[in-house]
Every structure is written in structure tokens, then in C-alpha cells.
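In case you want the letters, here they are:
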Amino acid sequence: MDYQGLAQAILKHVGGKENIVSLVHCATRLRFKLNDSSLAEPQALKSNPGVITVVESGGQFQVVIGNHVHDVYTAVCVAAGISEEAVTKEIQGEKSNLLNRLIDIVSAIFTPFLGVMAASGILKGMLALSVVCGWLNAESATYKIWFAASDSLFYFFPLVLGYTAGKKFGGSPFLTMAIGGALTHPLIMQAFESASQSERFLDLPVTFINYSSSVIPIIFAAWVSCWLEKRCNKVFPAAMKNFFTPLVCLGAVVPLTFLIIGPAATWLSQMLAHGYQAIYAFAPWLAGTVMGAIWQVCVIFGLHWGLVPIMINNLSVLGQDTLMPLLLPAVMGQVGAALGVFLSTRDTKLKVLSGSAVTAGIFGITEPAVYGVTLPNRRPFIFGCIAGGIGGAIVGFSQSHLYSFGLASIFSLAQMLPPGGMDSTVWGAIIGTLLSLLLACALTWAFGLPRSAPASSSPTAIAGDEDILSPMSGTVLSMDQVPDATFAEGLLGKGAAIIPLTNEVRAPFYGEVASLFQTRHAIGLLSDSGIEVLIHIGIDTVKLEGQHFTAHVQPGDKIKPGDLLITFDREAILAAGYDLSTPIIVSNSEDYRAVTRVTQQSSINSGMPFLTVER
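Residues numbered from 1 in each chain as written. Predicted model: local features only at pLDDT ≥ 70, side-chain atom pairs only at ≥ 80, totals over all residues. Heavy atoms only, no water.

(A) Layout of the nonpolar core. One finds Phe 110, Met 117, Phe 157, Leu 161, Phe 258, Ile 312 and Phe 405 to be the most contacted residues of the largest nonpolar core, which totals 71 residues. Ranked by the residues each element gives to this core, the list is headed by helix H14 (residues 323-344), at 11 residues. With residues near it in sequence (within four places) discarded, Phe 405 still touches Leu 114, Met 117, Ala 118, Gly 121, Phe 154, Val 308, Met 311, Ile 312, Leu 315, Met 324 and Gln 415. (Core = buried A, V, L, I, M, F, W, Y, C linked by side-chain atoms within 4.5 Å. Buried < 20%, exposed > 50% of the residue type's maximum accessible area, 1.4 Å probe, protein only. Helix = DSSP H or I, 4+ residues; strand = E, 2+ residues; numbered from the N terminus. Contact = heavy atoms within 4.5 Å.)

Right under this line is the structure:
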């Protein structure tokens, strides 16, 4: 893929580098924060073959790329002349609602290390599986080294979160990381383990708490540090602030964290964890039904980031989490729906797309499945949500737990293994997940896509990215045979014409309706691969002012081969003295090396290969 070309296109359609306030990326998306979102052109980006879709949510302009998002992110940074450390300037006087600000903060803090966090959780799950199966001894050096690799990120969470929170809050990330390091320093851990009563700091009572793997305390401490840092930088002279600002922040914020921020944040963490547990205990099956059904909807709108801290906090406070297991059926529901599309479709492009989406979805990346396969076809997405709700109910009823954080994926099943080995909670998760996948697949295979093209005089062929199927049945004419100089001389583009023998115009490819003349005698189409086609029914038929023409689509409607676009009264138009020669023109012919007819036969049926373009 031409990452540089794609980056230039993205940069252009987000309003240029001057319009970018910040840029980060997650597993599949570029997440822009823009000065003026009205300068962005989402439709232009959606039409780019390198972009899956565009989502505007949570105060972010999100460009969904897929698995190679990091390569595109790097290319965008280079094209914009910005550092990969990300742009961190803030809009003065920016106003946004509380939910958008929360989502923006959480995604900015957790996104940079989400992949490493998921990998660490998967490794933990695989180690648990290895111990249960007898492949590894928990006392062996092999186990200890791999366990250290899987646990280091979680144990030293305050350091990592200190760095990313410092960047988000506009301070020195190394300063806030040092504060996080103080929370997990060996002296503090030793004091926590040995202290039988409260100790004192400058004659103030302080209680040492185990902050390893904690989330909320360091985020609050980082915010306070960044607030203090900005004010110190205004007070100290330039020659002093590089040393004295960090000195003041470390000397003030670290004790403040141990005295006030840490205990208060720890209390808040415990309240949050126990509050969630109380809600979950009320009706686990209901929680599973709701979360399994709506999770992917939350992902579409970016609302899922609000739940990530809850899952991590559950693991930190309780040592286990019941929320993530409820999401696994939701993920596998969309995977099953994409698999159903793969098994049922005869379209080559959709089959390749759905096949790759299934592979990515199994490993927890559902954006290609949702945006590229299930959501555009609607019913598969709905079936995936229904199946996710049913599977989630079974997982909730089984009260399955997760013991390490990670993306909801096939590996999550290993992460659900309790210390005692396989039990009913794990089997319930397996059954619920498998049922969700199979049910979504079966429903989509049976009802998700039309089993055949709409009725026409002949079956619709499979169109490739460069092909244009015949939109009608009739006699084929070369363009120079059309009795109109504008068309005959190719002034509007290259193509061919058909004298129709039926009264229907049908879609020649996958794409959308770009324009529809008010008189309904002509229609402009845009294929998913960028081919612009004009179908003009008859010569001078604009003079009929729409009489004898009926449109069955509107501009912006999505189309697939064989969809009915326009019907017309052939006999009445001929009786009115009009020529029904119908040019089918590639309007953007200059973008291609050649536009040629697929067949040289004098007649053609609707849905058969008609024109092809060469790039």
C-alpha cells in the first residue's frame, strides 16, 4: 500500500496540518482532534480505498484504517511535519461536554500502550493454561521469566500511566512518570508490607498503600503535577525553571499523593469496583444480555472508552473482572456475522473483505468486520448484536471472570482460567462465546444478504473493482453511433450505448447514487473503487420533464449489482418521437488509461459484463 499517498489524502481531507490539534492512534483508528471539524471532508475520506470509514465521536475525528494503522500514522506524522510524540497543543477556550472530555482523556491515556497491555494479558492467560495443563511448573525459571514479562506492565502501571497522563495533561511526562515510580518504589512497598500502624511525614499521619497495578491515584497525581508545573514555569526565570520546577513538583506532589490523593483515589477505586459488583450481582445474566448486545454500538460511537478504566480498576482492586467476559460474545457475534457473509456472498470483493475481517475479529479487532462488512449490510450487524446478547446472557449467568486485562478475543478464554483450573465459569464462557458466533453466522447466512439479485431478464454477474455491468438489456452501440454529437465525440467521457429492450435501469456495480436528475432521465453513480458513471436514458429526453420516468433510488443511496434504479415507459417515449439510445459513460475517463467494451456482441442482457477500465 502507498502509505505516503494515503497520508497526504488524509491530511488534505482533515483540513490540513494547521487544523490538527492532536493525533493518536489505537488498534485500528487514527484519532484526530481538530480545530474546526467543519473543514474536514468525511465523505471524501470514506471514498478512499485505504480508509474503512470515518467516525466522529467523543470530540474526535476518527479515521478507521485497519490493522496497518501504525504505518499510516507514521506516514501522516511525516507528511504533516509533526513528531510521532503527537501534537499536544490545546485549543484556548475549547468547550465540550463532560462525556466527550472524559472519553478524550481516557483514550489518550490508555491508547498508546493498549497493544502491549493486551499482549501482556494474553501471555498471562497462556501461562495459566500451561500450568493447568501441566506443561509448565510455576516454580520453574521458565515460568518465572515469562510471568515477569507478562506482569511487569501491570505491576508498574503507575509509571506507564504517569508518562501518558503527563503528556495528555500538557506537562512533562518524565516528571509524572517519576511520581508514578515513587508510588511503586521498593522502600514504599517494604513500608507497606511491614507497617503495623500509621507512620508520619513531617508530623502528619501517612498510611502506606500498595499502589502497584493501581490506576486512578497516578492519574489524579499527574493532573495535579501538571497544574503545578505550568504555574511554576510562569514564576521561575528561564535559567531556573528547568531544575526548580521539577524540584517543586516532586517535593510537593509526591507527599501530597501519599497523604491525600492516594488514599482518596484508592477509596474512589474501591467504591467504583464494589459499586460495579453490586450492580452485576443483581442480575448477571441481564448485565450480559445488555453488554453483549450494545457493546459494538458503543465501539462505533467511541463510548467504550468509558468502560476501559472500570475493567482495569476491577482487576487492580478485586484481582478479577466480570465485565470483559460479557464482551467476548459481542465480539464473536460480529465475527460470526462476517463469517456468514463470507459463506453466503458470491461477490469476490465482499468475500475477500469478510474473510480478512473474520481473521482480525478472532484476535479482537472488529472494526474491519463492523465497518467493512456487517454495518453496511445492516442485517448482519443486527444479527451479530442479537447473538452477542444471547451469548452474553449465558456468560453472565455462568459468572465468568477474567484474571488479566486484554482485548476481548479468542485468547480471553485462557485469561478466564481460575487458579484452581477449569470450572463451570470457563465452560459457560466457552458455550456463550461459541453460541454467539454460530448463531450470528447461521442467521446471516440464511437471512443476512439477498439470496439472489432482484428479478431481471438475466442473472447478474460478479463485478470486479474495474468492471461495469450492463444496466439494461438491449442492442449495443459504439459511442460514435449515438445520434448526439456531445456523446458521439466523447466530450462527456468514454463508454458505449444501449438501445433498451426493457423498461428498467439496474445498478452496474457496488457503490452509491451520486446524483439524480430532477427529470429522472439520467443518473450519476459512483462505484466503491472510484468509477464515476453517467447513464443517460435516450436523446433529448430532458424535454419530457420527467414524464414516463420513475426513480427508485435517491442521491446517497448505497447500491449493489442488480438493484433497480429507474423504470421508464419505453413505448410512450418512442411514441413521443424520442430516440432511446442510452449512453453509459465513464465520467472520469481521464483517470484511466482506457475504457473498453468487454464484449463485441451486438446485444447484451442486463447484469452481464459491459465495460471495463484500465488504471
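(B) A look at a nonpolar patch on the surface. A contiguous nonpolar surface patch, about 560 Å² in accessible area, is contributed by Trp 285, Leu 286, Val 290, Ile 294, Val 297 and Phe 397. In terms of residue count, helix H12 (residues 284-300) provides more of the nonpolar patch than any other element does, 5 residues in total. Inspection of the secondary structure assignment puts Val 290 in helix H12. (Patch = residues over 30% accessible without salt bridge, like charges linked within 9 Å, V, L, I, M, F, W, Y side chains within 5 Å. Areas by Shrake-Rupley, 256 points an atom, 1.4 Å probe, with all protein chains shown as cover. Salt bridge = Lys/Arg side-chain N within 4 Å of Asp/Glu carboxyl O.)

(C) Main features of the packing of aromatic side chains. Applying the stated criterion across every chain yields a total of 12 aromatic pairs. Positioned above the aromatic ring of Phe 342 is the side chain of Lys 351, whose terminal nitrogen or guanidinium carbon lies 4.7 Å from the ring centre. (Phe/Tyr/Trp six-rings, centres within 6.5 Å; stacked < 30°, edge-to-face > 60°. Lys NZ or Arg CZ within 6 Å of the ring centre and 35° of its normal.)

(D) Summary view of the pattern of salt bridges. Tallying each qualifying case throughout the model produces 6 salt bridges. In this structure, Lys 560 engages Asp 563 in a salt bridge whose closest nitrogen and oxygen atoms are separated by 3.4 Å. Judged by its relative accessible area of 14%, Asp 563 is buried.

(E) Inspection of the pairing of strand S17 (residues 582-586) at higher detail. Counting buried positions along S17 gives 5 out of 5 residues, so the element sits mostly inside the fold. What you see with S17 is no split at all: Thr 582, Ile 584 and Val 586 on one side and Pro 583 and Ile 585 on the other are buried throughout. As defined by bridge partners, strand S13 (residues 532-536) adjoins S17 across 3 bridges and the pair is classed as antiparallel. From the neighbouring strand, Ile 535 faces S17, where its bridge partner is Ile 584. (Pairing = 2+ DSSP bridges.)

Functional significance is not addressed by these values, which are geometric in nature.
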